Amino acid sequence: MALSFQISHRDASSSARVARVTTPHGSFDTPAFMPVGTRGSVKGIPPWLVRQIGAQIILGNTYHLMLRPGSDLVARMGGLHKLSCWPHPMLTDSGGFQAFSLSDSLRLTDDAVMFQSIVDGSTINFTPERAMQVQNELGADIIMALDDCPPSIDPSTTSHARARMDEWQQRLDAGENTGRKPDWAKKGYDHNKRLDEANERTIRWLERCKPSHARPSDQALFGIVQGGTDLVRRTHSASQVTNIDLPGYAIGGVAVGEGTEEIRSVVEHTAPLLPESKPRYLMGVGYERDIVAAVR
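What counts, and at which threshold
- Residues numbered from 1 in each chain as written.
- Predicted model: local features only at pLDDT ≥ 70, side-chain atom pairs only at ≥ 80, totals over all residues.
- Heavy atoms only, no water.
- Buried < 20%, exposed > 50% of the residue type's maximum accessible area, 1.4 Å probe, protein only.
- Helix = DSSP H or I, 4+ residues; strand = E, 2+ residues; numbered from the N terminus.
- Pairing = 2+ DSSP bridges.
- Axes fitted to C-alpha atoms, helices over the stretch in contact; angles between N-to-C directions.
- Parallel < 35°, antiparallel > 145°, perpendicular 65-115°, else oblique.
- Left-handed = near helix turned anticlockwise from the far one by under 90°.
- Contact = heavy atoms within 4.5 Å.
- Nonpolar A, V, L, I, M, F, W, Y, C, P; charged D, E, K, R; others polar.
- Polar contact = N/O pair within 3.5 Å; in protein donor to acceptor, adjacent residues only side chain to side chain.
- Phe/Tyr/Trp six-rings, centres within 6.5 Å; stacked < 30°, edge-to-face > 60°.
- Lys NZ or Arg CZ within 6 Å of the ring centre and 35° of its normal.
- Core = buried A, V, L, I, M, F, W, Y, C linked by side-chain atoms within 4.5 Å.
- 1 Å grid on protein atoms, 1.4 Å probe; cavity = no way out; pocket = protein on both sides within 12 Å on 5 of 7 lines; lining within 4 Å.
- Points joined across faces, edges and corners; volume = space filled by probe spheres on them.
- Lys, Arg positive; Asp, Glu negative; His and termini not counted.
- Salt bridge = Lys/Arg side-chain N within 4 Å of Asp/Glu carboxyl O.

Trainee: Teacher, can you tell me more about the pairing of strand E8 (residues 113-116) here?
Mentor: Successive residues of a regular strand alternate their side chains across the two faces of the sheet. Burial along E8 is one-sided: the face carrying Val113 and Phe115 is buried and the face carrying Met114 and Gln116 is not. Hairpin connection of strand E7 (residues 106-108) to E8: four residues between the antiparallel strands. As defined by bridge partners, E8 adjoins strand E9 (residues 123-126) across four bridges and the pair is classed as antiparallel. Its bridge partner lying in E9, methionine 114 is registered against asparagine 125. In sequence, E8 turns back onto E9 through a hairpin of six residues, with glycine 121 there showing a positive phi of about 80°.

Trainee: Please explain the pairing of strand E3 (residues 26-30) as it appears in this structure.
Mentor: The sheet contact formed by strand E2 (residues 17-23) and E3 spans five bridges and is antiparallel. For arginine 20, the partnering residue across the bridge sits in E3 and is aspartate 29. If you look at the hairpin formed by E2 and E3, you'll find two residues sitting between the two strands.

Trainee: Sorry if this is basic, but what is going on with the packing of helix H6 (residues 128-138) against helix H8 (residues 191-212) here?
Mentor: Relative placement of two packed helices is described by the angle separating their axes and the distance separating the axes. At their nearest, the axes of H6 and H8 sit 8 Å apart, and the two run at 40° to each other. In this view, H6 runs oblique relative to H8, as classed from their interaxial angle. By crossing handedness, the relation of H6 to H8 is classed as right-handed. Packed against H6, whose contacting residues are Pro128, Glu129, Met132 and Asn136, the element H8 presents Trp205, Arg208, Cys209 and Ser212 at the interface. Here the residues of the contact of H6 with H8 are counted per class, giving four nonpolar, two polar and two charged.

Trainee: Hey, could you run me through the sheet that holds E8 in this one?
Mentor: Two orientations exist for strands paired in a sheet by backbone hydrogen bonds: parallel and antiparallel. Across the sheet, which stays open at both edges, the three strands sit in the order E7-E8-E9 with antiparallel pairing between neighbours. Edge positions in the sheet fall to E7 and E9, since each has one partner strand and no second. On average, adjacent strands in this sheet sit at an angle of 15° to one another, irrespective of strand direction. Relative to E8, E7 runs antiparallel, the two sharing three bridges. Across the sheet, the residue bridging to leucine 108 is valine 113, located in E8.

Trainee: Please clarify how the side chain of aspartate 141 should be interpreted in this entry.
Mentor: Mapped onto the elements, aspartate 141 comes out in the loop between H6 and strand E10 (142-144). At 2.7 Å, the side chain of aspartate 141 forms a polar contact with the side chain of histidine 25. Every residue in contact with aspartate 141, bar those within four places of it in the chain, is listed here: Thr23, Pro24, His25, His81, His88, Pro89, Met90, Asp218, Gln219 and Ala220.

Trainee: Sorry, what's going on with the packing of aromatic side chains here?
Mentor: Aromatic ring pairs: the centre-centre distance and the angle between the two ring planes describe each pair. Enumeration according to the criterion identifies two aromatic pairs in this entry. Chaining the aromatic ring pairs together yields one cluster made of Tyr63, Phe115 and Phe126. The cationic tip of arginine 289 hangs over the ring face of tyrosine 287; the distance from NZ or CZ to the ring centre is 5.4 Å.

Trainee: When you look at the nonpolar core in this model, what are you seeing that I'm missing?
Mentor: Met66, Phe115, Phe126, Leu206 and Ile251 are the most contacted members of the largest nonpolar core, which totals 44 residues. Membership of the second largest hydrophobic core comes to 18 residues, among which are Ala2, Met144, Ala220 and Ile224.

Trainee: Would you mind showing me how to read empty space enclosed by the protein here?
Mentor: One way to see where empty space is left: roll a probe the size of a water molecule over the atoms. Applying the stated criterion to the full structure yields one cavity of 30 Å³ or more. Quantified by volume, the largest cavity comes out at close to 40 Å³. Lining the largest cavity we find Gly40, Ser41, Val42, Pro47, Val50, Ile58, Ser84 and Trp86. Among the residues making up the lining of the largest cavity, the classes are represented as five nonpolar, three polar and no charged.

Trainee: Looking at this model, I keep getting lost on the environment of valine 74. Mind explaining?
Mentor: Assignment of secondary structure puts valine 74 in helix H3 (residues 71-76). As a C-alpha pair, valine 74 and glycine 139 span 65 residues in sequence and 8.8 Å in three-dimensional space. If sequence neighbours within four positions are ignored, valine 74 has contacts with Pro69, Gly79, Leu80, Leu83 and Leu138.

Trainee: Sorry, what's going on with the side chain of arginine 234 here?
Mentor: Within the secondary structure, arginine 234 sits in helix H9 (residues 231-242). Buried within the structure, arginine 234 lacks any salt-bridge partner; its nearest side chain of opposite charge belongs to glutamate 258, at an N-O separation of 6.2 Å. Excluding anything up to four places from it in sequence, arginine 234 contacts Val225, Gln226, Gly227, Gly228, Ile251, Gly252, Gly253, Val254, Val266, His269, Thr270 and Leu273.

Trainee: Looking at this structure, I do not really get the pattern of salt bridges. What am I missing?
Mentor: Oppositely charged side chains can form a pair if their charged atoms are brought close together. Tallied over the full model, the rule gives 19 salt bridges. Residue arginine 233 is joined to aspartate 230 by a salt bridge in which the shortest nitrogen-to-oxygen separation is 2.6 Å. Accessibility expressed as a relative area gives 22% for aspartate 230, which makes it partly exposed.

Encoded structure:
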């Protein structure tokens, strides 16, 4: 099996639990915090020191590794574990968050995410099948299905978004090449419609990712629940995603603009909707207070 999961302790006063996840490259205990190794290494810290400070699993960034050095080269060099000098468990993300963070310069369709490479400017057509191919070549123990990560809250209502639009307009007035206007800044943007669109696209992409996954015996594929801060939409997404049998599931689309209480509310609502017998991965959360609330 690509992954096994065993719960050893449960907290009597909350939903917290202690467990162990076993992968082809060893085991890690949960709750676990994964340091981010964007291009296969944690910046400024050698692998032996990352291990020494207590990390048991690290995360690699599919988008950046695909662009440089390239997943095909990583595969020829023996895979991401060998390239990173990290013989322990690894996870690679789906690329869905990069689609969110680069939303000003990409085009999103039901078939794919299309964006310009930050390395050479070439156009990249990133489909669910391509996401699986890249992650199969990278060789991480846990890989993520490509998802559509929408803004968690209506971006037009945030001061950060307004500042971005002011900057975009100033650059446009100065004659600079600003790229596409963000969808959320266009006239007629409907945030609820965007959440529904992301939910449906995420499940359709997951349905394409699973049969495209070429290494199910040694790489565990996780699906991702979306829905923003809308708990009804979270319930709908969780029902659809967990209806597809996978080794584990993730809560995505948090820590992308909403506050601490909204993160807590989403996790508190969504975690019980995921299978009790499988690992749960909360994506993108890094502040201590959010981690403690999520574990509970």
